[in-house]
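# Secondary and tertiary structure notes
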Amino acid sequence: MQRYILKRIFLAFVTIYLVTTLVFFLARITGDPMDLIMSAESTQKDWDMMRHQLGLDKPIYLQYTDFIAGVFIGNFGNSLRWDKPCLSLILVHLPATLQLTICALLFSWVFGISIGTLSAMRPNGLMDRFGKIFAMLGQSMPIFWVGILLILTFAVRWQIFPTSGRGGLLNLVLPSITLGWYTMASMTRMTRSSMLDVLDMEFIKMTRIKGLSEVLVICKHAFKNAMIPILTLGSLQVGILLGGSVITETIFSWPGMGRLMVQSVFSRDFPLIQACVIITSTIFITINLLVDITYGYIDPRIRYQ
Amino acid sequence: MNRRLTVIGVLLIAFLVVPLSSQSASIKPTGKLTILYSNLGNESLDCVKWNTGQSEAIVMSLGEPLVNFYWKGPALDFKPAIASSWKISPDLKTWEFTIRKGINFHDGTPLTVQDVVFTWNRVLKSPLSIAVSAKNIIKSVEALNDKTVLFQLNTPDPFFLYKASTYAIQPKAYTEKVGEEEFSKKPIYAGPWKFVKQLQGDFVEMEAFEGHYRKVPYYKTLILKIIPEDSTKLAMLKTGEADIIFNVMPGPLVNEIRNDSNLRLISVPSSNETYLFMTSLVKPDKVSPFRDKRVRQALSLAIDRKLIVEKLYNGLGSPSFMAAIMPYSPMMHPSLTPIRYDIKKAKTLLSEAGYPNGFETELFLTNTEKAEGEAIASMWNKIGVKAKITLMEMGAMLAAVREKTLPDGLRLSHHSCTPAGMWYFFRKGGHYTVIYDDKLEELTNKMATIPEGPKMYEFIKNEMSRYVYDLVPSIPLVIQQYSRGVRKNIETSEWEKIGTRSIFWVPAAEYLRPKK
């Protein structure tokens with residue numbers, strides 16, 4: 001197990017390094033940020049001075065080595081647009097994204113697992129049909145459309161929730177539903193099919209014959225055995241939600257990293273694009289690593305040696 | 001007797017003072033005002049580092065320049081600000097500004113000539129300064145005495161006041177004490193609003209500066225918030241979470257605001273003209289159909305501007321018929337009439353120019369200009385001109401225009417219908433030049449020897465306007481109106497009266513007040 005963990009940690013580092021390299025070169029394909037920074041009337045002297053200040057006058061391989069060396073000590077350079085250290089900008093915006101992601105994840109898991117389990121208990125029943133429609137809507141409706149619809153209905157028409165911005169708990173409701181509905185749909189379907197498989201197994205029949213209550217059969221015996229695929233999907237959803245937050249944050253004016261990333265792309269802010277992508281992918285890779293390791297502890301049949 | 005007089009005197013003073021004090025109490029700043037922007041540029045708090053008009057909204061709310069200018073049309077209206085007056089030498093190369101006494105920065109320290117000299121020397125050193133044109137012509141900035149600052153220029157400049165209005169004055173002592181980096185985080189200026197806090201990419205919060213010499217704001221708190229999504233902006237305005245959408249672009253948002261009884265759409269005059277320039281007219285050796293002015297006239301005649309204003313601008317604009325000169329202004333000769341949409345005449349002109357069946361060309365656009373470009377291309381189809389639309393990303397477009405690498409064709413753009421605009425557009429070699437024409441350049445240079453004002457307008461009217469009208473150096477399309485969505489509980493009469501402060505983006509929120 002230890003060897004496996006070490007191997008996975010090593011592979012995680014390799015992946016992060018590859019992402020770092022890829023984003024460095026991909027960001028530069030978008031064009032020269034100086035085109036957007038400098039005034040049309042700037043002189044060649046102004047251009048040279050600014051290029052030097054930003055380190056863009058160095059050969060690309062030197063820019064790359066400087067960048068890699070910086071990443072190792074947590075120095076992603078200064079944002080070209082805001083003229084502030086990228087890391088400090090991200091640290092200001094990251095909590096908002098994590099807060100939104102966690103709430104959306106909770107919404108997705110709590111509702112997805114509950115509806116999925118209830119659907120599996122009575123296949124083709126009322127809850128199962130409702131769950132199917134709910135999941136189908138979640139999967140098929142674009143996030144930006146759901147967001148705008150929720151704002152118009154619950155914020156503008158009924159004025160129950162605020163339209164946008166970060167603030168109290170009420171501010172979290174609409175963006176969390178918008179972000180979490182898509183993942184909740186797949187969670188509902190996955191829970192349903194996984195539970196149906198387990199509920200059809202001999203040991204479940206045995207627990208029922210023994211006279212255990214249905215609640216105990218479902219919660220204690222069936223659910224635990226149906227958890228592996230649900231856990232896998234749940235961990236993958238963290239990545240989907242972190243990525244999906246870009247749109248949600250823009251619609252709800254949520255001051256998170258997704259919005260920061262969009263703004264940095266539009267202004268060709270290389271250092272900030274790089275920093276945002278590296279930090280997001282590091283979070284994603286770390287969560288995947290933790291989930292892989294957790295498998296071994298949840299399911300005794302899984303042995304990685 | 002004396003006692004009686006004293007009592008009467010005290011009572012009189014009391015009668016006078018009570019209403020005065022209650023009046024001053026009534027303008028005590030109160031409440032919160034939230035204004036929404038699609039973006040605020042680089043959101044810099046440093047007066048020499050803002051890089052777009054949008055970012056000027058922040059710095060010019062916090063700070064005060066030497067002179068303020070207001071736009072109500074047809075020309076810029078300059079008003080004394082930190083400079084109470086100014087003198088210009090006959091050769092337009094020496095500008096002397098007298099600094100107003102009694103202006104304090106937000107920390108209470110008085111503003112002096114040294115602060116002005118310090119700020120402008122920073123401007124001259126910064127590669128990011130937006131007034132590059134100012135920077136490149138200034139030879140020196142120095143304090144003549146404790147109330148006068150002298151700007152010496154390398155070349156005559158009749159438009160220097162505009163340049164003097166682009167930088168807010170910052171305190172020398174405070175900046176030197178805390179350093180430039182700290183200053184850019186916690187700036188102090190002398191404008192009507194004090195800095196409170198900022199979250200990059202999200203909002204800037206300011207507070208009324210009650211010691212302001214020009215205008216104490218009515219609102220206590222001002223929040224400039226960035227909301228890129230139109231539907232979110234509208235939702236915030238409808239629910240009262242925001243008070244103003246600062247720039248309502250033509251589109252569905254306009255009708256939504258018009259149809260809501262709690263909201264108003266306020267259109268403000270602008271000097272901004274949408275126009276088409278022909279990329280080859282700034283490349284003297286390039287062979288192009290656009291070299292023939294009859295072709296340019298034909299293309300201009302084949303555009304139905306009224307339809308464009310009605311359908312694409314929601315009526316928020318007016319057809320333009322002069323390149324860089326405001327229609328119906330003192331700068332336009334009264335004999336000149338609007339361009340009539342005339343396909344027949346356009347076809348005749350094209351035939352005379354040797355293109356009876358039209359020709360093929362390219363129309364270079366960014367994504368936001370697509371609808372307008374498509375409308376124009378379809379109108380030109382009727383005279384046989386096939387315009388292929390090429391969409392480009394904004395950064396790539398800016399680079400191509402700057403380096404003059406766009407192939408032969410037309411580019412949709414915007415420019416300012418002011419004499420300063422003409423100075424940029426009609427002289428050879430500039431970044432914004434639309435045509436290389438010897439006579440036009442000669443006239444423009446002659447115009448620039450006259451200080452901006454009625455005499456200059458008279459010269460433009462009599463000597464230039466008919467020539468420009470006939471030459472069609474660029475194809476004029478629409479004079480835009482800027483529109484703002486405002487909640488009805490905001491009193492805007494004072495705000496509307498002043499026109500637009502500085503360039504368009506500055507909110508001038510000190511002139512807004514809550515309705516009683």
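All values derive from a computational prediction rather than experimental measurement. (Residues numbered from 1 in each chain as written. Chains lettered and ligands numbered in written order. Predicted model: local features only at pLDDT ≥ 70, side-chain atom pairs only at ≥ 80, totals over all residues. Heavy atoms only, no water.)

### Considerations on the overall build of chain A
Our working rule: Secondary structure counts use DSSP, requiring at least four H or I residues in a row for a helix and at least two E residues in a row for a strand, with both numbered from the N terminus. The cut-offs for exposure are 20% and 50% of the maximum accessible area for each residue type, with area from a 1.4 Å probe on protein chains only; residues under the lower value are buried, those over the upper are exposed, and the others partly exposed. Note on contacts: a residue pair qualifies if any of its non-hydrogen atoms lie within 4.5 Å across the two residues. Using the Shrake-Rupley algorithm and a 1.4 Å probe, accessible areas are obtained, with residue cover drawn only from the displayed protein chains.
Summing up its helical and strand segments, chain A has 13 helices and zero strands in all. The secondary structure elements of chain A, listed N-terminal to C-terminal, are α-α-α-α-α-α-α-α-α-α-α-α-α. For chain A, the spread of C-alpha atoms along the principal axes amounts to about 85 × 60 × 30 Å. The 305 residues of chain A split such that 48% are buried. Excluding contacts between residues fewer than 6 apart, the proportion of contacts in chain A whose partners are at least 24 apart in sequence is 72%. Split by element, the accessible area of chain A, about 15,400 Å² in all, is 71% carbon and sulfur.

### So, the sheet that holds strand β13 (residues 272–278) of chain B
All names here are of chain B. What counts is decided by this rule: By this definition, two strands are paired if DSSP reports at least two bridges between them. Between the N-to-C directions of two axes lies an angle of 0 to 180 degrees, each axis being a line fitted to C-alpha atoms and, for a helix, fitted only over the stretch in contact.
Strand order in this open sheet of six strands is β14-β18-β13-β17-β15-β16, and the pairing throughout is mixed. On the outer flanks of this sheet lie β14 (317–319) and β16 (386–391), each paired with one strand and no other. Strand after strand, the sheet turns through a mean of 30° between neighbouring axes, direction not considered. Set on the sheet, helix α10 (residues 293–301) makes contact with β13, β17 (410–416) and β18 (475–480); between it and β18 the angle comes to about 40°. Taken strand by strand, helix α13 (residues 370–381) contacts β13, β15 (360–365), β16, β17 and β18, and its axis lies near 165° from that of β16.

### Quick notes on the side chain of H415 of chain B
Residue and element names in this part refer to chain B. Where we set the bar: Side-chain atoms alone can form a polar contact between residues adjacent in sequence; in general such a contact is a pair of N or O atoms within 3.5 Å, and within protein one must be able to donate a hydrogen while the other accepts it.
With respect to the secondary-structure elements, H415 resides in strand β17. Among the polar contacts listed, one links the side chain of H415 to the side chain of E273, at a separation of 2.5 Å. Setting aside chain neighbours within four positions, we find H415 in contact with S271, N272, E273, Y275, A324, F425 and S474.

### Section: the pairing of strand β1 (residues 32–37) of chain B
Residue and element names in this part refer to chain B. With respect to burial, β1 is a largely interior element, five of its six residues being buried. Alignment of β1 against strand β10 (residues 221–226), held across six bridges, turns out to be parallel. Looking at the pairing, K32 lines up with T221 of β10. Bridge count between β1 and strand β11 (residues 244–245): two bridges; the pairing is parallel. Looking at the pairing, I35 lines up with I244 of β11.

### Description of the nonpolar core
Looking at soluble globular proteins, one finds that nonpolar side chains tend to be buried together. All names here are of chain B. We apply this condition: As used here, the term nonpolar core means buried Ala, Val, Leu, Ile, Met, Phe, Trp, Tyr and Cys residues forming a set that is joined through side-chain atoms within 4.5 Å. Note that domain bounds follow an automatic or database assignment of domains.
Within the largest apolar cluster, 76 residues are counted, with the highest numbers of intra-cluster contacts made by L66, F97, W120 and F151. No other element matches helix α3 (residues 113–125), which puts five residues into this core. When residues of this core are sorted by domain, at least three fall in each of domain 1 (6–13 + 28–226 + 488–514) and domain 2 (270–481). Setting aside residues no more than four positions away along its own chain, F97 makes contact with L66, V67, A83, S85, W86, K147, T148, V149, F151, F160, L161 and A164.

### Quick word on the sheet that holds strand β9 (residues 203–208) of chain B
Residue and element names in this part refer to chain B. Pairing is mixed in the open sheet, where seven strands are placed in the order β8-β9-β10-β1-β11-β19-β12. The open sheet has two edge strands, β8 (193–199) and β12 (263–268), and neither has a second partner. Bridge analysis of β11 against strand β19 (residues 482–487) gives two bridges, and the strand direction is antiparallel. Looking across to β19, one finds that I244 is bridged to V486. On top of the sheet, helix α8 (residues 230–239) reaches β1, β10, β11, β12 and β19; it is set at about 40° to β19, its chief contact.

### What to know about empty space enclosed by the protein
Residues and elements named next belong to chain A. The condition is simple: Every definition here rests on a 1 Å grid over the protein atoms only: cavities are sets of points where a 1.4 Å probe fits but cannot get out, pockets are open sets enclosed by protein on both sides within 12 Å along at least five of seven lines, and lining residues have some atom within 4 Å of a point. Grid points are joined across faces, edges and corners, and a volume is the space filled by probe spheres set on the points. Note on residue categories: nonpolar means Ala, Val, Leu, Ile, Met, Phe, Trp, Tyr, Cys or Pro, charged means Asp, Glu, Lys or Arg, and polar means any other residue, Gly included.
According to the stated counting rule, one finds one cavity of 30 Å³ or more in the structure shown. Roughly 40 Å³ of internal volume is contained in the largest cavity. Contributing to the lining of the largest cavity are T97, L242, S245, V246, M257, G258, M261 and T280. Secondary structure elements with two or more residues in the lining of the largest cavity: α11 (227–251) and α12 (257–266). Of the residues belonging to the lining of the largest cavity, the class tally is four nonpolar, four polar and no charged.

### Notes on the confidence of the model for chain B
Residue and element names in this part refer to chain B. Let me state the cut-off plainly: Each residue carries a pLDDT score, the predictor's confidence in it, ranging from 0 to 100.
When pLDDT is averaged along chain B, the result is 88; 92% of the residues meet or exceed 70. Low pLDDT (under 50) marks residues 10–25, which in the prediction has one contact with non-local residues, meaning those over four places away or in another chain. For this predicted complex, the interface confidence comes out at an ipTM of 0.80, alongside a pTM of 0.85.

### Looking at the pairing of β10 of chain B
Each regular strand displays side chains that alternate between the two surfaces of the sheet. All names here are of chain B. The element β10 is largely enclosed, with a buried count of six among its six residues. In β10, alternate side chains face the same way, and those of T221, I223 and K225 on one face and L222, L224 and I226 on the other are all buried. Summarising the sheet, β9 and β10 pair through five bridges and their orientation is antiparallel. Its bridge partner lying in β10, E205 is registered against I223.

### Details of the interface of chain B and chain A
Cut-off, in case you're wondering: What counts as buried area is the accessible surface, traced by a 1.4 Å probe, that two parts surrender upon association, with contributions from both included. Whenever a carboxyl oxygen of Asp or Glu lies within 4 Å of a side-chain nitrogen of Lys or Arg, that contact is scored as a salt bridge.
Each side of the interface is counted separately: chain B has 41 residues, and chain A has 37 residues. Both faces considered, chain B and chain A share a buried interface measuring about 3,100 Å² in area, 55% of it formed by carbon and sulfur atoms. The interface formed by chain B and chain A holds four salt bridges in total. Across the pair K49 of chain B and D83 of chain A runs a salt bridge, and its minimum N-O distance is 3.5 Å. Looking at the side of chain B that touches chain A, the elements that each hand over two or more residues are α4 (132–137), β10, α8 and α14 (394–402) of chain B. Considering each element in turn, the side of chain B that touches chain A owes the most residues, six residues, to α8 of chain B.

### What about the domain arrangement of chain B?
Residue and element names in this part refer to chain B. Structurally, chain B comprises domain 1 (6–13 + 28–226 + 488–514) and domain 2 (270–481). The gap between the C-alpha centroids of domain 1 and domain 2 is 34 Å. Residue-level contacts link nine residues of domain 1 with 20 residues of domain 2. Taking both partners together, domain 1 and domain 2 bury about 1,100 Å²; carbon and sulfur atoms supply 72% of that area. Where domain 1 touches domain 2, the interface holds zero salt bridges. For the interface between domain 1 and domain 2, the tally reads zero residue pairs in polar contact (both at pLDDT 80 or more). Across the side of domain 1 that touches domain 2, the residue classes tally to seven nonpolar, one polar and one charged.

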